[in-house]
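Remarks on the overall topology
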Amino acid sequence: MTAVLKQLTSSDQPTPDYQILVNGKDISPKVKARLMSLRLIDNRGFEADSIEVQLDDSDSELAMPPKGATMQVRIGWKGSTLVDKGSYTIDELEHSGPPDVLTIRGKSADMRGTLQQNREQSFHQQSVKSIIDIIAARHQLKSKLSENLFTEIIDHIDQANESDANFLSRLAEQFDAIATVKNGNLLFLQAGLAHTASGLALDSVNITRQSGDSHQFGVADRDAYSGVVAYWQNDKSAKRQTVKAKKPTEAKPSDVKVIVGEKEIMVGSNDNVKTLRHIYANKQNAERAARAMWDKLQRGVATFSITLAMGRPELFPELPVSVSGFKPQIDNSAWLLTRVEHNITDTGYTTGIELEVKNSEVAEVES
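Residues numbered from 1 in each chain as written. Predicted model: local features only at pLDDT ≥ 70, side-chain atom pairs only at ≥ 80, totals over all residues. Heavy atoms only, no water.

Named according to an unreviewed UniProt entry, the protein chain is Late control protein D originating from Shewanella algidipiscicola.

Quick look at the structure:
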């Protein structure tokens, strides 16, 4: 049993706890009597994590922190070890009233401005690992990749007047990967595998219906898209050609068959397809992108969200989750965390989570 769960079971009224440091100085003792709310959002990919702290300043004694200051946050429960939720750069201050309230907002410090600067660069016959290493090095970050992506070779790709953040997101789409920056690391991880960058499986988290205040489940039509089309440029014929990744009729998404034609690669049937706008440099890149988009479409076919009555500070995106106490179709599916929102107020601590599941993992309910 974890220290957090021991704390929750040892007291009928567990008390939220947190620590806030601004430019390395612990300001927690000064703000604990003033805290109205602390809201922390942990996102997937290059959408920056964010924090918002609201403090009571009715006596006008609070000093406003400088914009650009670094704010480090740890959260949890009294009696247990606090969980480090990273560092944030304060980018917005607001003072309102009466009664006077100071609101401090920040974005994850790792999403530094250099990632958003446009660059010009081309990569030719390089592995995904070497590309990620190059980009990580110029931002003083450590690179971490899923092992199955180490030897993937990019024949040719251009970064034309494009930021590294946008380029990495585009590269990730070709491999159905997640590109993000966390705690000084540039991560490039296979989406949906629930593995660490070293390839180790993450421990699954169990959520019961009794854990939550409210929930919402939704499932989209699996047949909304029957496939994906990607274009590539044939330099020999100077013609734009297509690659199609499609779902076979009466088959599971994993049961794909590749049919190679003179001008296209087809995976499955030819009904309602999604067309990728980008024109790829060769057939291999186009096929890879079409397959990755198809996997992404399947993973988003079902979604589930729930607000946990007792906050879980250890949760973060990409953790595998199992749920129980709901409908069989919900309980029997394998879920992945995609977004986590922690909310601490003077009345308690809750965690809102959003999850997604692969199409092939969505459990069917017999009639």
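From this point on, the discussion continues.
A few points about the pattern of salt bridges
A side chain of one charge can pair with a side chain of the opposite charge if their charged atoms are brought near each other. If you walk through the whole model with that rule in mind, you get 14 salt bridges. Glu-341 is paired through a salt bridge with Arg-39; the nearest N and O atoms lie 3.0 Å apart. Residue Glu-341 is located in strand β22 (residues 335-345), and its partner Arg-39 is located in strand β3 (residues 35-42); the two are separated by 302 residues in the primary sequence. Assessed through its relative accessible area of 15%, Glu-341 is described here as buried. A salt bridge links Arg-339 to Glu-341; the nearest nitrogen and oxygen atoms lie 3.4 Å apart. The class for Arg-339 is partly exposed, based on a relative accessible area of 22%. One network of salt bridges, in which partners are shared, links Arg-39, Arg-339, Glu-341 and Glu-354. (Salt bridge = Lys/Arg side-chain N within 4 Å of Asp/Glu carboxyl O. Helix = DSSP H or I, 4+ residues; strand = E, 2+ residues; numbered from the N terminus. Buried < 20%, exposed > 50% of the residue type's maximum accessible area, 1.4 Å probe, protein only.)

Concerning the packing of aromatic side chains
Taken as a whole, this structure holds five aromatic pairs when the rule is applied. For the ring pair Phe-123 and Phe-167, a centre distance of 5.6 Å and an interplane angle of 25° mean the geometry is stacked. Remark: Phe-167 occurs in helix α4 (residues 164-175) and Phe-123 occurs in strand β8 (residues 118-127); sequence separation between them is 44 residues. Comparing Phe-123 with Phe-167, the two get one shared label, buried. The ring of Tyr-18 has Lys-32 sitting right over it, with the charged end atom 5.3 Å from the ring centre. The lysine or arginine in question, Lys-129, covers the ring of Phe-150, its NZ or CZ lying 5.7 Å from the ring centre. (Phe/Tyr/Trp six-rings, centres within 6.5 Å; stacked < 30°, edge-to-face > 60°. Lys NZ or Arg CZ within 6 Å of the ring centre and 35° of its normal.)

Focus: the sheet that holds strand β12 (residues 185-190)
The sheet built from three strands is open, its strands ordered β9-β12-β11 with mixed pairing. Looking at the sheet topology across the chains shown, the edges are occupied by β9 (142-145) and β11 (177-182). Taken over all neighbouring pairs, the strand axes of this sheet differ in orientation by 15° on average, direction set aside. Against the sheet, helix α3 (residues 128-138) engages β9 and β12, with an angle of about 155° to β9. (Pairing = 2+ DSSP bridges. Axes fitted to C-alpha atoms, helices over the stretch in contact; angles between N-to-C directions. Contact = heavy atoms within 4.5 Å.)

What about the side chain of Ser-50?
If you trace the backbone, Ser-50 turns up in strand β4 (residues 50-56). Judged by relative accessible area, Ser-50 falls into the buried class, the value being 19%.

A look at the nonpolar core
As a rule of thumb, soluble globular proteins bury nonpolar side chains together. With 24 residues, the main nonpolar core has Phe-46, Ile-132, Leu-171, Phe-175, Leu-186 and Phe-188 as its most contacted residues. If you look at the next biggest cluster of nonpolar residues, it comprises 22 residues, including Leu-40, Val-73, Trp-77 and Ile-104. (Core = buried A, V, L, I, M, F, W, Y, C linked by side-chain atoms within 4.5 Å.)

Things to note about unusual backbone geometry
The linkage connecting Gly-97 with the following residue, Pro-98, adopts the cis geometry, with an omega of -10°. Residue placement: Pro-98 occurs in the loop between β6 (83-96) and β7 (101-108). A cis amide bond links Pro-98 with the next residue in sequence, Pro-99, at an omega value of -10°. Tracing the chain through its elements places Pro-99 in the loop between β6 and β7. One non-glycine residue, Ser-60, adopts positive backbone phi at about 60°. Position of Ser-60 relative to the elements: it lies in the loop between β4 and β5 (70-77).

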